[in-house]
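The primary structure of each chain is shown beneath.
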Amino acid sequence: MASKVIPWYKKKRVSHVQSDYAYHHTKHVVKQQQTESRKSSSKSAIQVQAQATAAMAEPAYTVPVFRQRSSEETEEYQRVTTNVGKGLAVIQEELHRMRMATKAQVESLELQREVRGMMSKRGDMLDEIPKMPDFLVALRPHTVWEKTPVKLFCTVQGNPRPIVKWYKGGAPVDPLSAPGKYKIENKYGVHSLIISRCVVSDTAEYSAVATNPHGTATSKAAVTVKRASGAGESCHLGLVPHLTVIHPSKLEVSLLDRFSVSFGVEGGSISLVCTMVVVPDLPNLPPLAQWYRDDKLLKPSNLVEMAVGGSAARLTLPHLAKDDEGLYTLRIFTKDGTAEHSAYLFVSDAPPSAAGAPGAPMSVKAYDINADYVLVAWKPPNTVNEAPLTGYFVDRCEAGSDSWVQSNDAPVKVCKYPVHGLSTGRSYHFRVRAVNSAGISRPSRKSDKVTALDAAESERLQGTDEGVPSAPGQVVATRNSKSSVFVQWDPPKQVKNLMGYYIDGRVVGSKEWFPCNHKPFKHNRFVVHGLIPGETYVFRAQAANVFGLSEESQESSPIAVEPALATPSSPFGITMLSCDGASMTVAWKSPKHCGGSKVNAYYIDKRNADTLTWKEVNLVAVTERLCTVDSLTEGIFYEFKVQAGNLAGVGVPSAPSAPMKCEAWTMEEPGPAYDLSFSEVRGHSLVILWKAPVYTGASAVSGYLVDMAKKGSSEFVTLTQEAVSHRYLQVSHLEEGQTYVFRVRAVNANGVGKSSQVSEPVCARALPGAQEIVANVDGDTGDIFLSLEACEICETSKFVWSKNYKPIGDCPRVEVTTKGRTSRMTFTHPDKDDLGKYSVVVTDTDGVSASHTLSEDALNTMLELSQAIRHPIVPLKHGLNYEILEKGHVRFWLQAVKLSPSVSYRFIVNDKEVTSGEGHKISHDVATGIIQMTVDHFTRANEGTYTVQIHDGKAKAQSSLVLVGDVFKAALKEAEFQRKEHIRKQGPHFSEYLYFTVTEDCTVMLACKVANVKKETTFHWYKEEEEIVPETPPNVLSGACALPIALFSRKDQGVFKATLGDDRGKDTSLFDISGQVFDDIINALAQNAGASASELVMQCTPEGIRLQCYMNYYTEEMKTVWKHKETKIASSEKMRIGGTAEMAWMQICDPSDKEKGHYTIEISDGVQTHTRTFDLSGQAYTDAYEEYLRLKAAAFAEKNRGRVVGGLPDVVTIMEQKSLSLTCTVWGEPTPEVTWFKNEQEVCSTEHTKVTFDGGKFSSLIINQVTPEDSGKYSINVRNKYGGEFVEITVSVYKHGEQIPEAKLGQPKSATPAVTPVPPRSPALPSKTPTPSKSQTPVPPGKTPTPASTPAPSMRSQASTPASTPVPKSPTPTPKSPTPTPKSPTPNPRGVKSPTPPRFMKSPTPPRK
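Residues numbered from 1 in each chain as written. Predicted model: local features only at pLDDT ≥ 70, side-chain atom pairs only at ≥ 80, totals over all residues. Heavy atoms only, no water.

Chemist: Describe the overall build of the chain, naming the residues involved and giving the relevant values.
Modeler: Helix and strand content of the chain: nine helices and 92 strands. Taken as a whole, the chain presents about 72,900 Å² of accessible surface, with 52% of it coming from carbon and sulfur. (Helix = DSSP H or I, 4+ residues; strand = E, 2+ residues; numbered from the N terminus. Areas by Shrake-Rupley, 256 points an atom, 1.4 Å probe, with all protein chains shown as cover.)

Below you can see the structure in the form of C-alpha cells.
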C-alpha cells in the first residue's frame, strides 16, 4: 500500500544523492573585485561613505536615488505637501536637528539604507531561487607578531541569509569564555572575527561555517603567531587543500553545476563533474584544474582519469575501491585567484564472495623496505553485522605478473606483516584479504610497486604501542540537514597510533547496524549523508589501528533527521487587500524556509513613505498572514515590512513593500484574491488554491477566473471559459518539467475585479517518491479509511485533510490518526454523504500532497468488504458435496479455507441433527479444513436435505445439499454398484475391462488387466459366443491379457468377450466392436498408417499410370481421399481407386493431358489429416506417358505373340516300334508359324515323321514305329510378328526287353502315344512368396479359364516371359542364343534351371485375405 524509502546504504548500485550539501563548500580566493558587473551591482564601502558624508553636509533633506518618483507621482506628492505644508516644514526642521545632533547614527543608517537599496535590486531576482551558502570573499591566512591583533573577515551569500559560526581548530569560538579576547561582528554582509593581543597559542586553523536550510559552506584560513625572535610556529589542519602557489591566469572561471555527495560500490566506476563558464573560452587553453583527495593532490593514472574541456572538469574513477573514499576537492585557477569546490565520496563494500564474509582491507602500503623482506601494513575493514575478524592473509606477486602467492600460512591477527623470501632487486605488489568464520573477503587493491633493495632511508611504520585503542568517548549527534546528521565524539583515552574512526548508524527500532563510512576517518567529527528524512537514528563510533578495531562506543541519543534549527527566512509578497481610508488590510506570503521549526509569529512594521523611521504595528504576535493596520491617515503613502518568528527567534525582516496609498476603495468590482498556493503537483497536472477577496465590491463574489502563463512570459491564458464558484482549480495538460505562474481574478455582478499577485513559479514535476492516497478497509476492524504515506516529513509537519478542498477539522464523521510518515482518515459511519474529493497536505515540506475521489461504486465495494470483516463468515473452498466410496459407503464433505482447533459444527439431515454413531462417522481435519460424515448403509431412507453448520470463533458458515429425485436415484444406483463391485473384487476380477490398443505394425490388441488371480484361474476369449483359441495361451498371473487381431477390417466387427474364473467366482468383460468403437479403431489404425505413409510413388502399367502410397497397413475402411487439383476423385473406369494391405493406389487409365496436375492423398484419423502429394506434370508426366505407351505396346505384343499354351511333356520314354505323337495347342494373333526341330535340325514331314498343323491351333509331330535313332532332343518353335516361344522335349527310345530307363524329375516312366491337348486353366492367385506352379498355363485373352480335372502327369506348362521385340524371321534357333533377344529376359526352357518366376506373378504384394 505504501512505498518504502530505501536509504543509501542499502542501495546496490552507484547513485548520486541530491543532499543538502552538508559536506559541500565552495571557496573563492580572489585578488580584488575588478569586473564591471560587480561595479554595477554594488558600491564600495568608500563610495557609500562619501555619499553619506555629502548628504550630511546638505542643509535640507534630499530625496535619495531609490526614492525618486515619476512626474505623475511628483505632482501627487506636491499636492499633498501643499495641504500639509506647515506640518511638513516642522518635520523637516526636526529632521535637520536630529541629523546634526546624531551625526554618527545618521551615517550608519544612511550607509545601511544604501546597501539595502542596492541589494534589494539583486534580491528581487535571486529571492525566487533558494541558494546554499557561498563565500564571495573567503578567509585569508595571516602571519602576525605576538601581542598584535588580527582581523579575519569574509563575505558570504545565500538564500535565505546564512548564519555564520566561527571555529578554532574545530572547536567553536566563544567570546564569553575569554572576555575581551574575541570579538565577532556582522556588518553589511561582512562577517569578521577580531583576535586582540595574539599569543603563540592562538596559532591555529580558523574556519567560518555558513549555514542555511539548503546546506553548509566552510572557509578556512591559518593564523600563524610569531614571537619577537622570529621563530614562528604554524599549524595547518583540515581537509581542504591549502593554496600554496597562485598560478597566474587570464581566464575568468565561474563554477555552475557542482558535483554533490556521491555514493559508489567497490568494483564500479563513478565520475565527478563540475560545469563552468570560461571567459574567454579557448579550446586550446583550458583552465588549470587540480583534484585533491583528503588534502592530497591526485595525478592521472590507470585508477584516476582527469579531463578539462567542453565547459566541464571531470574526474573519473574507473575501478572503485574503498581506498577512493574521501573528500574530493576541485581547484580551478582563475583571473581573480582560485575557485574551489569539495564533496565527499562514499564507497561501500561489494557483495561478499560468501554470505557473511568481511569486507576487503584497504590502504595497503609497504614500510621498512629491505633486500629480503618488506613490512606490509594496512587498514582494517569495518565490521558491522559480520562475524569478528580472525586474521588476514597477505599475498604478493612480482611486477608484471598476475600470479599471486600467499605469504602467510596462518591468518595474522594484526594489520601488519613482514613478508620474507623476496628476491633482491625484483619489484613486488602486495594485497591483503580478511578472514572470519564465514569466509574470506575480496582482495584489497594492490599496493604500489616496491623494489626489494637495501635503501639508505625508507619510510618506517610509526608506533610501538601494542594493542587496540580504547573505545571512543561520548557520541553526540546534532541536526544538520534534511538528509544528513552531524556526528562528533570524544577521542579514546588510549590512542595507540590511531588510524581513524568508523561510524555506524542504526534506525531506532531496528537491530541492524549499517556502516556510515568505509575508510577510517581521521577526525572526530563526521557528517553522515544519505539518511531518510524524518527517520530517527542512533550512532556509534569505533577507533582503528594496526592491531584492529576498538570496542564500540556508547550509542548516541536518538536524533531525527531534520534541518538544523534556525530562524525563518523573511516573508515576501506584501500586498494590500482592502482600504477604508483609515485602515489598510495587508497580507503576505509565508517564508520559503521555516528554519526547522514552525513559524508561529509575525511582526509588522509600518512607516510613512517619506520617513526613515519604522513603527511597530503589533506588539502581540500575529499568527495569520493577514493583518489590518489601523490609525492611518488618508492620502498618505505607507510602506510595510514583516518579520517571521519561530522557536529559534525572529528572522530577518522582509524587504519594504511598495508604497501603498491610504485611500478608501469604492470600486464596484471585488478586490484581489490572495494567498495563492499549490497542491498535488504532478508531471502533467496540479491544483491551485486561493483565498477569497477581503473587499467584495458592490455585490457578492460569484466566481473566479484563473490565468496561467509560462515563467518569463507575460502572455496569460485564461484556463476557464466561465468563472468557477469554488476557490480551487485542477489544472491539467501541463508540460512536464515546465515552470508556470498563475493569477486569480474575482468576479461579481458588476464585473471582473483586480488580479491577484502573480503566484510563485511552480514546476510541473512530481516530488521524488510521491505517493497517492489509498482507499482501503482495515482487515481487523472493518473500518473504511483513506491513508497517505508521505515521501518527506519533518518534526513540525502536520497532515491537513480536506474534503472538496475545505479543511475537515474536528468532524464527527471522520477520525484522523498519524503514525510516523503515514496518516489515516477513518470514516466513522460511511454513507453517501461521505462521497467527494478528499485531499491531504503535509505542512513544512516541499509540497507533499495528494487527493482521492471517493465514488459511490468504490464506497459500496468497501462497505461490502467491511460488512464481511465485521460479520465474518468461515470461507469455504468447497460447499457440501457427496462422494460414493467403495463398499457403497457415501461420504458427505465440505472444505473450509482455514479452521481453528476450536471449531464446532453439526450435521442436520431432514431437520434432525445427526451424531457420530452406528451407521454414521463424523470427523474433521484442521490442517486441510475438511469436515465430513460417512454413511455406511445408504438406502432409500437417506433421501432428503443435508446441512452443515460451522462456528469458528466469531465466524459462521452453513452449507446445504439437496439429495432428492433423480439426483438421489443416481447416487443410490452408484452406491449399489460400488457394493456389487466390492463383492466382485473378492474373487478373480478385471481390474481394467477390455479395451483396445494399436501396435506399431497396425495389429489391433484387445487387452485387459486382471487382479486377485491364482494359478488355477482360467481365462477364455470369445467372439459372438464362439471361443477363440489364441496361438499364445493367456497368462493371468502376469496381470494382463491381450488378443491380437491382425489385418483388422470390417469382418472383425462383433462382440468380444473375456471370461475369468476359478473356485472363488467368475467375472466377465464384454467389448462390442461396432459403431463408434469400430470407427475409433479405424482412426487409430489411420493415425499409425498416416504417420508411416511414404511419399506418393508413380508406377506405370499397361493400363495407365498408377500412384502408390506405402504404409504400415491399409484397409478400405480408412477415411482416405484422393484429390486432383484440390478436387476429390471418385473411383470410376477412368480413375480406379484401390489398395492392398501394404499400400493404397490410384490408377489413371488411358491417361491424357487432362490428367496432368497435382495429386494428393489425404488419410484422416479423426483428429489429424496426413497428406502426401505428387506433381504429375511437366517432364514427370511426359516420361510417365512414354513409359505407359511402351508398356501398353509390350502388353499387346505379349497378349498376341505366338506361344504354346499346353499339351507337351518335358520327357518322353517309348519302346521301339511304337508310334509317338507329340501334340500341343498353340495360339497367336495373327496365326503363328510352327516349326519342329530334332537336335536343332528342322524336321520335315515324311512317311516316318509326319508334321501337322490343324486349324491354326493344334500342331503335331507323329513318328511311326520309332527306332533308337529317333531318340533325341525335339523342340517346337511357335512364332508370329509379335514374338514366339521355343519348347523342348527329350525323347528316349528303348528296345523290347530292355529295362525302361529311369525317368528324371518330372518325367513319366512310360510314354503316352497320343497326347491330348489340355484346355488352358486360369492362373492361381498370387501368394506372398512367388513360387512356380506345376500345372498352370497362361490365360488366353477373352476366354474364361477352366481348370483341367485330370491333367496328364507328363505335361507341365511352360513358363516363359514375352519377348519385348519381335524375334528373327529365321525359324532355326542359334545354339549360342536359345532365347529370342537379350532385351527380353525370357527364362530358359523347362529343362534348364531358372530362378525367374512365371510371368503371371508380377506383383509381390499378396491380396488381403
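On we go from here.
Chemist: Which residues make up the packing of aromatic side chains, and what are the values?
Modeler: A complete count under the given rule lists 29 aromatic pairs for this structure. Their ring planes at 50° and their centres at 5.9 Å tell us that Tyr1185 and Tyr1188 sit as a pair that is tilted. Of this pair, Tyr1185 and Tyr1188 both sit in helix H9 (residues 1178-1200), three residues apart, which is roughly one turn of the helix. Among the residues examined, Tyr1185 registers a relative accessible area of 29% and is labelled partly exposed. Note on Phe1237 and Phe1286: the rings are 6.4 Å apart at their centroids and 50° apart in plane angle, and the pair reads as tilted. With Phe1237 in strand E87 (residues 1233-1238) and Phe1286 in strand E92 (residues 1283-1294), this residue pair connects regions lying 49 residues apart in the sequence. Phe1286 sits in the buried class, given a relative accessible area of 15%. Members of the aromatic cluster, each reached through a chain of ring pairs, are Phe263, Tyr344, Phe346, Phe521 and Phe526. Sitting above the plane of the Phe572 ring, Lys592 keeps its charged end 5.3 Å from the centroid. Arg1106 extends its terminal NZ or CZ atom over the ring of Trp1145, reaching a point 4.2 Å from the ring centre. (Phe/Tyr/Trp six-rings, centres within 6.5 Å; stacked < 30°, edge-to-face > 60°. Buried < 20%, exposed > 50% of the residue type's maximum accessible area, 1.4 Å probe, protein only. Lys NZ or Arg CZ within 6 Å of the ring centre and 35° of its normal.)

Chemist: So what's going on with the sheet that holds strand E46 (residues 686-691)? Which residues, and what values?
Modeler: Read from one edge of the open sheet, three strands run E45-E46-E49, paired in antiparallel fashion. Bordering the open sheet on either side are strand E45 (674-679) and strand E49 (728-731), each of which pairs with just one other strand. In this sheet, neighbouring strand axes are inclined to one another by 20° on average, regardless of whether the strands run parallel or antiparallel. When E45 meets E46, the two strands line up antiparallel, connected through four bridges. The residue of E46 that forms the bridge with Tyr674 is Lys691. (Pairing = 2+ DSSP bridges. Axes fitted to C-alpha atoms, helices over the stretch in contact; angles between N-to-C directions.)

Chemist: Can you lay out the nonpolar core for me, pointing to particular residues and giving the numbers?
Modeler: Of all hydrophobic cores here, the largest spans 50 residues; its most connected members are Phe1019, Phe1048, Ile1073 and Leu1085. Of the residues forming this core, the biggest block, six residues, is contributed by helix H8 (residues 1075-1092). Formed by 27 residues, the second largest nonpolar core is a distinct cluster that contains Phe938, Ala957, Leu963 and Phe968. (Core = buried A, V, L, I, M, F, W, Y, C linked by side-chain atoms within 4.5 Å.)

Chemist: Please set out a nonpolar patch on the surface residue by residue, giving values where relevant.
Modeler: A surface patch of nonpolar side chains, about 250 Å² in accessible area, is lined by Ile91, Leu95 and Met98. Inspection of the secondary structure puts Leu95 in helix H4 (residues 85-101). (Patch = residues over 30% accessible without salt bridge, like charges linked within 9 Å, V, L, I, M, F, W, Y side chains within 5 Å. Salt bridge = Lys/Arg side-chain N within 4 Å of Asp/Glu carboxyl O.)

Chemist: Which residues make up the side chain of Ser685, and what values do they have?
Modeler: Topologically, Ser685 is positioned in the loop between E45 and E46. In contact with Ser685, not counting residues within four places along its chain, are Glu680, Val731, Ser732 and Leu734. (Contact = heavy atoms within 4.5 Å.)

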